[in-house]
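Next come the chains, spelled out residue by residue.
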Amino acid sequence: MSRAEVFWINGPVLKAHSEGLFRMKEAVYVGRERLAAEVIRLDTGSITVQVFEDTTGLRPGAIIEGSGMAMAVELGPGMLGRMFDGLQRPLEAIAASQGDFVRAGVEVPNLDRDRRWRFTPLLKEGAAVVPGQVLGEVEETPAVKNRVLVPDGVSGELEWLAADEELRLEDPVARLRTSTGTHEISLLTRWPIRTPRRFAEQRVPNRPLLTGQRIIDTLFPIGKGGAGAMPGGFGTGKTVLQQTLAKWCDADVIVYIGCGERGNEMADIVSEFPRLEDPRTGRRLMERTMLIANTSNMPVAAREASIYTGITIGEYFRDQGYHVALFADSISRWAEALREISARLEELPAEEGYPAYLPSRLAEFYERAGNVVTLAGSEASLTAMVTVSPPGGDFSEPVTAHSRRYVKSFLALDRERAQARFYPAIHPLLSYSEYVLDTARWWQDHGGVRWAQRRERILSILQEQAQLARMVKIVGRDALPASQRLVLVCAEVMVEALLRQSAFSKVDRYCSPEKQSKMLELVDDFIRHAEQAVQQGVDPDLLLTLPVTRRLQRLGEDIANEELERFDELTHEVGHAFSSLAAGQTETPSQQVLPE
Amino acid sequence: MMDPRQHILHRGLTSIRGPLIFMRNAEGVGLYDRVEVLPSEQDDPRLGRVVSISGTTAVIDVFQGTEGLSLTGSRLRLLPEPILLSVGPGMLGRVYNGVGEAIDGGPSIVAEQRMRIDGEAINPMRREVPSEFIETGISCIDAMNSLVRGQKLPIFSGSGLSHDRLAADLARFARLRASPDLKFAVVFAAIGVTFDTAERFRSEMDEHGAMERIALFLNLASDPSAERLLTPRVALTAAEYLAYHEGRHVLVILTDMTNYCEALREVSSSHGEVPSRKGYPGYMYSDLATIYERAGRIMGKPGSITQVPILSMPSDDITHPIPDLSGYITEGQIVLDRELERRSVFPPIKLLPCLSRLMNQGIGKGMTHADHPAFAQQLYSSYALARQLRLLSSVVGEEGLSKADRRLLHFGNRMDREFIHQEDQRRSLEETFDIGWTLLAELPDESLIRLSDAQIAEHVTPRRDDTAVTLQD
Ligand SMILES: Nc1ncnc2c1ncn2[C@@H]1O[C@H](COP(=O)(O)OP(=O)(O)OP(=O)(O)O)[C@@H](O)[C@H]1O
Ligand SMILES: [Mg+2]
C-alpha cells in the first residue's frame, strides 16, 4: 500500500512526502487515529490531502496510508430513516461509540453489516440481464423498497439468484455469467462520490414536483428532475421552506443535507419527521427520508464532501426508478468550505476570495439533478433544491449569481415579508421558474384546466400592485381612482388568501392540489365580482370590510384538505355578499362600526 | 496529568510579527498544542498555541501579547496538549481573567478535570430540541420572540445603546414559568469591554444577591486583543462544566462579540491570509459557529446552555459581516434601535428585524397559551403595516391616509409607548398578553386576518369598549 509522511500541517490541510502511487481524490487515512482524508494535490514526491476530521494534535511524521480507492459511499439498504455525517458515517453509531460529542478518529461501518434484510427475488435464474435491471428487492422501510440492481457495466446470464430469504449486506444475492467470467453481487455496493452515476437518457423535466405550497405549485413550479435555488438573508425562511418541501413534496425518497448549518435544525427533523404522516401514502415521513448532517461547527472539509455524499445516494435511489428530491441547506456553506481549503492551499482567489473553479464545481453539482430514463428503462428523477445564504442578503454575490446560471427555479426570499411574518417570504416579482410551460401541460392533463391563465393573471395583478404602491407613496392611496384601488384590493386579498401559508399551521402546512384549485377558483370569483361591483360604483375599499373577504383571506387555515365541500358554501356566500352590495344593503362589516 | 516542568524550554525563536512567533527546531510539536512563552527568566508565562507546522518550523499565536519578547532572551515551553481549562466545584461566585485564571484573590479552583476550551461538536443525534419557555419578563421577547432553554439568541446593538442594561435585566428576570429555578447560573464573559461595563454588571448582580450564581470572565479593553479569541471559549467551557456536570441551566452572556471578531481579523491579517468581506477572514462563519453552536441541550443531561451574545453593529449596519454571519448562525436576534433609544423607550427593541427561531417549539397550548402564536403573528403583521404607514404619512401627511390606515398608525404608536416600553419593570406573560390584546382591540376585524373568529371573540371583542373612547380621529 502507498504511504506518505506528513511534514506540513495547516488546519485540515496536510502535505506529506509520498512513496508509491497515490491518485487524485483517493481516500487516505492519517496517523494512528486513521483520520479520514482525501488527496487533493499531487506533486513529484509529495501529496497534499484534506482531512475530514479534527486535526488537533497531529504531528509531522504522522503516516498517511493510501486506500487505492476514490472517496466513496456505501450503497445498500439501511440508509432511510437515519442520519449520517458528511462522510456517510452513521451519527447514531458514532454516539454509541463516542458519546454526546463528535470526536476525531471514529471507525464505524457506514452501513450496518449484521442486519438481515428479507430479499424477494423478481427474476428467474437463467434470465439474460443488463445493467440497472432489477434482480429483486428488500423492504428497506415500509414506505420504500430497495431494489437490487445489476451493476453498471455488467451484463450476462443470471446464473444464480437468492431465494426469498434473509440476507446480510455482504451476503451474495446473485451470480451472473458474463463474457469475462462470473460476477457475484451482494446488497452492498460502493460508488465514488465525485463521479455521477450513469443513466440511459436524460429528458427535460415534464411534470411538477408537487409541494403542497401554493406559491410554488401555482406560481413557481419546480420540475421533477429540476434544480432550484432559494436565496435569502438570514431568518427569511430558507430552512423552514426546505423542511416543508422535504415533508410534503410528492417525491418517493428524500435526501436532506444539513451542510454547515445548525445542529438544532437537524435534531428538529429527527424528532419531528417520525411523527408526521405522508398525506399520499399514510406512511411516516421518516421512512422515505435520509439525513446528512455536517453542522457549522463540524470539520469544514467534510462539509465540502457532504453534498457529494448526498447526491450520490440520491442517484442510487433514482437508479432504482424512484423520484428523489434532494435538499441541501446551504450551498453557500459548501462554497465557503471550498474557499477555506483553497485559501490554505494558497491558490489565487477569484471573486470574493472564492477559487476560480467555484462556478464549474457548482455547475457540476446542479447538473447531477435530472429527469432520466434509468439504465433499465424506467422513468426516474433527481430534483435538487438548495438554499443560498448571500452575505448581507445581497443577491449579486458569487454563489447566488453563479447558481442562477444553472438552476431553473429561483425562489427569492424577501427580508421585508419575513419581518412582517408573511410566510413563505418568497418575493413573487423576484422569483421565477422555467418549468412553467411543461407544468402547464401537466396541469391540463390533471384537471387544473385554467392553471396557466390563472397564474398569468395573478402575476400581472402583483406586478400592477407593485407599480401602484410606488404611486401611493407619492400621492396617498385615497388619491388613486377607483379602478386602481380595485387592483390594490384584489392584490391584497389574493396575497393573503393564496400566497400566505404557515408551515406551522396543522391545517395549512400542506395544501392538496384539489384544494389549491378550489382556492384559485374562489379568488378568481371574488375578483370577477369585485370588478363588476366597482364598475357599478362601489368603493373598492369597502370590499375589504366585507366579512366574506375576511373569510377568503383565512381560507388556507380555516378549511382543511378534507373539507372541500365547504368551498361551494363559500362560493355561494361570495355571490350573495356581492349581490347584497349591489342592492345597496351592505351587511355591517364587523361588530364594530368605524367611527365616522 | 502532565507536569509542565518536565518540558524542555526552547529557544529557537526566529521572528516575531505582531501576535505571531516563528520558531525552528520544533521537533515533535503538534497542531494547536499549547505553548507557554516566557519573555525572560522572571516573567510570568504567556499563553500561545501552535497554528501551523512546516517540517521543523512552527508558527505560534501568542494570545497575551508579544511586547517585550526578544529572539534571544525569550523562551518557549512546548506542551503536548491543547489549551485546557481546569474546572471543578465552586466555579460560581468567582471572577476570572480572560484565560480563566481566578483573579479575585480567592483560592484557585480545585481541578476536578481539565476540559478543552475549543469544545467539541455536539452530535446532532444527541441534541434535545430546545423547547422550555423562559419567561424573561420582557414583552418583546416573551410574547414576540420567545426564548427557550438551550437557544442562542444574540442582541444586535450599537455603540452607546443600552444593551448592557437589557442584559442585566435578562440575567435578573429570566426564569421558567413552571418552577423556580434553583439550578440557574450565569456565565458572563466580558470581551474587550471597559472596566465600567463589567463592573456595572457585577455590582448590579451583587445588589440583587445574585452574585453567588455568577462566574465572570474578564478580558477588558486594556487586555491584549488576541486573548479575546480565548475568552468566549474559556467561558463556554466553564458553562459546559456547570451545565453537563453540575446539571445547571446556564445563561451565557458574551459581550461584545464585535471585539472578538476584530481580534480575529487582526490575527488573520498578521498571518497574511486573504481576507473576505471588510477584511474579516473567510472562515469567520465557521469560527463563530464553534462558539455559538455550544448552546443547546443534550439528551439525558439535566442542564442546558442558553447563549445571549451581545454585539455592536458597526455604524448600526445589520448587513455588516459581524451581525450578518452571527445572524446566519444564531437562532434569531433581538435588535436594538437608536431612534427608540433617543425617544427614551426602554428596552429600545426594534421589533421588525427581531426573530426567535425556536419560538414555535416553546409556545402554544400547554406551554404558554393556545393563542400565543396567532397573537404574535397578528401583532407583527399589524405593526409592520403601521411602520410602513408611518413612513408613508411622513410623505403624504396623515390626512393622505384612509381612516383605516390612521387607526393602524395610531396602533403602531401605542405599541412603541405601551408594549415595547416597559422600563426595568418585569412583566408577567399574562400582563404582556393583556397589553397586546388591548392594543389589537383598536383595530377592526378586517385588519385581524391572523386571528380566528373565535380568538377575536375571546380576546379582542371584550376589550373593545374602552378603547373606542381613546381613538382620536
Ligand atoms: N413558511 C413559514 N411558515 C411559518 N413560519 C416561518 C416560515 N418560514 C420561516 N418562518 C419563520 O421564520 C424563522 C426563520 O426561518 P429559517 O430558520 O428558515 O430562516 P433561514 O432563512 O433558514 O435563516 P438562516 O439563513 O439564518 O438559516 C423560522 O424560525 C420561523 O419562525
Ligand atoms: Mg436556515
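Residues numbered from 1 in each chain as written. Chains lettered and ligands numbered in written order. Predicted model: local features only at pLDDT ≥ 70, side-chain atom pairs only at ≥ 80, totals over all residues. Heavy atoms only, no water.

1. Digging into the overall build of chain B
In step 1: When helices and strands are tallied, chain B shows 14 helices and 23 strands.
In step 2: Along the first, second and third principal axes, the C-alpha set of chain B runs to 85 × 50 × 40 Å.
In step 3: Looking at chain B as a whole, 63% of its 473 residues are labelled buried.
In step 4: Partitioning the contacts of chain B with sequence separation of at least 6, the portion at a separation of at least 24 is 72%.
In step 5: Accessible surface computed for chain B: about 16900 Å², of which carbon and sulfur atoms make up 50%.
In step 6: When the 51 positive and 64 negative side-chain charges of chain B are each reduced to one mean point, those points stand 3 Å apart. (Helix = DSSP H or I, 4+ residues; strand = E, 2+ residues; numbered from the N terminus. Buried < 20%, exposed > 50% of the residue type's maximum accessible area, 1.4 Å probe, protein only. Contact = heavy atoms within 4.5 Å. Areas by Shrake-Rupley, 256 points an atom, 1.4 Å probe, with all protein chains shown as cover. Lys, Arg positive; Asp, Glu negative; His and termini not counted. Charge placed at Lys NZ, Arg CZ, Asp CG, Glu CD.)

2. Considering the domain arrangement of chain A
In step 1: According to the domain assignment, chain A contains domain 1 (3–70), domain 2 (75–96 + 199–436), domain 3 (117–187) and domain 4 (451–591).
In step 2: One C-alpha centre belongs to domain 1 of chain A, the other to domain 3 of chain A; they are set 37 Å apart. (Domains from an automatic or database assignment.)

3. Brief notes about a negative patch on the surface
Residues and elements named next belong to chain A.
In step 1: Negative charge collects at one region of the surface, where Glu521, Glu565, Asp568 and Glu569 lie side by side.
In step 2: Note that Glu521 resides in helix α13 (residues 513–535).
In step 3: We classify Glu521 as partly exposed; its relative accessible area is 41%. (Patch = residues over 30% accessible without salt bridge, like charges linked within 9 Å, V, L, I, M, F, W, Y side chains within 5 Å. Salt bridge = Lys/Arg side-chain N within 4 Å of Asp/Glu carboxyl O.)

4. Quick look at the domain arrangement of chain B
In step 1: Domain annotation of chain B identifies domain 1 (4–81), domain 2 (85–361) and domain 3 (372–463).
In step 2: Placing a centre on the C-alpha atoms of domain 1 of chain B and another on those of domain 3 of chain B gives a separation of 61 Å.

5. Observations regarding the state of the cysteines
Note on terminology: a disulfide is the covalent bond linking the sulfur atoms of two cysteines.
In step 1: This model, assessed by the stated rule, comprises zero disulfides over all chains.
In step 2: Looking at the unpaired A:Cys249, the closest cysteine sulfur is the one in A:Cys511, lying at 15 Å.
In step 3: According to the relative accessible area criterion, A:Cys249 is buried, its value standing at 0%.
In step 4: Not engaged in a disulfide, the cysteine B:Cys354 finds its nearest cysteine sulfur in B:Cys140; these two sulfurs lie 6.9 Å apart. (Disulfide = S-S within 2.5 Å.)

6. Regarding the interface of chain A and chain B
In step 1: Counting from both sides, the interface comprises 83 residues of chain A and, opposite them, 89 residues of chain B.
In step 2: Here chain A packs against chain B, burying approximately 7000 Å² in sum over the two surfaces, 52% of which is carbon and sulfur.
In step 3: Counting across the chain A and chain B interface gives seven salt bridges.
In step 4: Across the pair B:Arg126 and A:Asp100 runs a salt bridge, and its minimum N-O distance is 3.0 Å.
In step 5: At seven residues, helix α4 (residues 263–272) of chain A tops the list of elements feeding residues into the side of chain A that touches chain B.
In step 6: Classifying every residue of the side of chain A that touches chain B gives 31 nonpolar, 26 polar and 26 charged. (Buried area = accessible area lost by both parts, 1.4 Å probe. Nonpolar A, V, L, I, M, F, W, Y, C, P; charged D, E, K, R; others polar.)

7. Some details on the site of ligand 1
In step 1: The environment of ligand 1 is made up of 20 residues, and the closest members are A:Lys238, A:Thr239, A:Val240, A:Arg262 and B:Arg357.
In step 2: The residues that come close to ligand 1 belong to more than one chain, namely chains A and B.
In step 3: In isolation ligand 1 offers 630 Å² of accessible surface; the protein chains occlude 96% of this area.
In step 4: Where the shell around ligand 1 is concerned, the elements lending two or more residues are α3 (238–248) of chain A together with α7 (321–329) of chain B.
In step 5: Examining the composition of the shell around ligand 1, we find that three residues originate from one element, α3(A), more than from any other.
In step 6: Looking at the shell around ligand 1 residue by residue, the class counts come to seven nonpolar, nine polar and four charged. (Near = heavy atom within 4 Å.)

8. Structural notes on the pattern of salt bridges
In step 1: On inspection of all chains with the given rule, the structure shows 90 salt bridges over all chains.
In step 2: Of the charged contacts, one joins A:Asp278 and A:Arg280 as a salt bridge, the two residues approaching to 3.6 Å between their closest N and O atoms.
In step 3: The exposure class of A:Asp278 is buried, given its relative accessible area of 7%.
In step 4: Note on A:Arg280: relative accessible area 36%, which makes it partly exposed.
In step 5: For B:Arg34, the salt bridge identified is with B:Glu81, shortest N-O distance 2.9 Å. Here B:Glu81 lies in the loop between β7 (75–79) and β8 (84–87) and B:Arg34 lies in strand β4 (residues 34–38), a separation of 47 residues in the sequence.
In step 6: Accessibility expressed as a relative area gives 12% for B:Arg34, which makes it buried.
In step 7: For B:Glu81, a relative accessible area of 10% translates into the label buried.
In step 8: Among the charged side chains, a network of salt bridges with common partners joins A:Glu496, A:Arg500, A:Arg554, A:Glu557, A:Asp558 and B:Arg450.

9. Considerations on the sheet that holds strand β14 (residues 147–148) of chain B
One key point about sheets: their strands pair by backbone hydrogen bonds, in either a parallel or an antiparallel sense.
Residues and elements named next belong to chain B.
In step 1: One open sheet accounts for three strands, arranged β14-β13-β16; its pairing is antiparallel. If you trace the sheet from one side to the other, it starts and ends with β14 and β16 (175–176), each paired once.
In step 2: Inspection of the sheet shows strand β13 (residues 133–135) paired to β14 by two bridges, in the antiparallel sense. Paired with Ile134 across the strands is Leu147, a residue of β14. (Pairing = 2+ DSSP bridges.)

10. Here we look at the environment of B:Leu230
All names here are of chain B.
In step 1: Summarising the element assignment, Leu230 is placed in the loop between β18 (214–220) and α4 (231–245).
In step 2: A sequence separation of 131 residues divides Leu230 from Val99, and the C-alpha atoms of the two residues are 6.3 Å apart.
In step 3: Those residues in contact with Leu230 that lie beyond four places of it in its chain are Leu47, Arg49, Phe63, Ile83, Gly98, Val99 and Ile117.

11. With respect to unusual backbone geometry
Residue and element names in this part refer to chain B.
In step 1: The omega torsion of the bond from Thr255 to Asp256 falls at 10 degrees, within 30 degrees of zero and hence cis.
In step 2: Its location among the elements puts Asp256 in the loop between β19 (249–255) and α5 (257–270).
In step 3: Going from Phe346 to Pro347, the amide bond is cis rather than trans, its omega being -5 degrees.
In step 4: Even without being a glycine, Tyr32 presents a positive backbone phi close to 65 degrees.
In step 5: Looking at where Tyr32 falls in the secondary structure, it is placed in the loop between β3 (20–23) and β4.
In step 6: According to the relative accessible area criterion, Tyr32 is partly exposed, its value standing at 21%.

12. Things to note about the packing of aromatic side chains
In step 1: This structure, assessed with the given rule, holds 18 aromatic pairs over all chains.
In step 2: Ring centres 5.4 Å apart and planes at 90 degrees place the aromatic pair A:Trp442 and A:Trp443 in the edge-to-face group.
In step 3: Taking the relative accessible area as the measure of exposure, A:Trp442 reaches 18% and is therefore buried.
In step 4: Their ring planes at 85 degrees and their centres at 5.1 Å tell us that B:Phe375 and B:Phe433 sit as a pair that is edge-to-face. Here the residue B:Phe375 occupies a position in helix α10 (residues 372–396), and B:Phe433 occupies one in helix α12 (residues 429–440), the gap between them amounting to 58 residues.
In step 5: Looking at B:Phe433, the relative accessible area reads 9%, which means it is buried.
In step 6: Site record: aromatic cluster; members linked through ring pairs are A:Phe234, B:Phe156 and B:Tyr328.
In step 7: Lying over the aromatic face of A:Trp117, A:Arg115 brings its terminal NZ or CZ to 3.9 Å of the ring centre.
In step 8: Sitting over the face of the ring of B:Phe22, B:Arg17 holds its NZ or CZ atom 4.6 Å from the ring centroid. (Phe/Tyr/Trp six-rings, centres within 6.5 Å; stacked < 30°, edge-to-face > 60°. Lys NZ or Arg CZ within 6 Å of the ring centre and 35° of its normal.)

13. Looking at α5(B)
Residues and elements named next belong to chain B.
In step 1: If you check α5, its first and last C-alpha atoms are 20 Å apart, about what 14 residues at 1.5 Å a residue would give, namely 20 Å.
In step 2: If you check which residues of α5 are buried, you get Met257, Thr258, Asn259, Tyr260, Cys261, Ala263, Leu264, Val267 and Ser268.
In step 3: The positive-phi residue at the C-terminal boundary of α5 is Gly272, with phi of around 75 degrees. (Expected span 1.5 Å × (residues − 1).)

14. What to know about the packing of α3(A) against α4(A)
Residues and elements named next belong to chain A.
In step 1: As a packed pair, α3 and α4 sit with axes 12 Å apart at the nearest point and diverge in direction by 25 degrees. Overall, the two elements α3 and α4 adopt an arrangement that is roughly parallel. Along this stretch, α3 crosses α4, giving a crossing that reads as right-handed. On α4, the residues that touch Thr239, Gln243 and Lys247 of α3 are Glu265, Asp268, Ile269 and Glu272.
In step 2: Partitioned by chemical class, the residues of the contact of α3 with α4 number one nonpolar, two polar and four charged. (Axes fitted to C-alpha atoms, helices over the stretch in contact; angles between N-to-C directions. Parallel < 35°, antiparallel > 145°, perpendicular 65-115°, else oblique. Left-handed = near helix turned anticlockwise from the far one by under 90°.)

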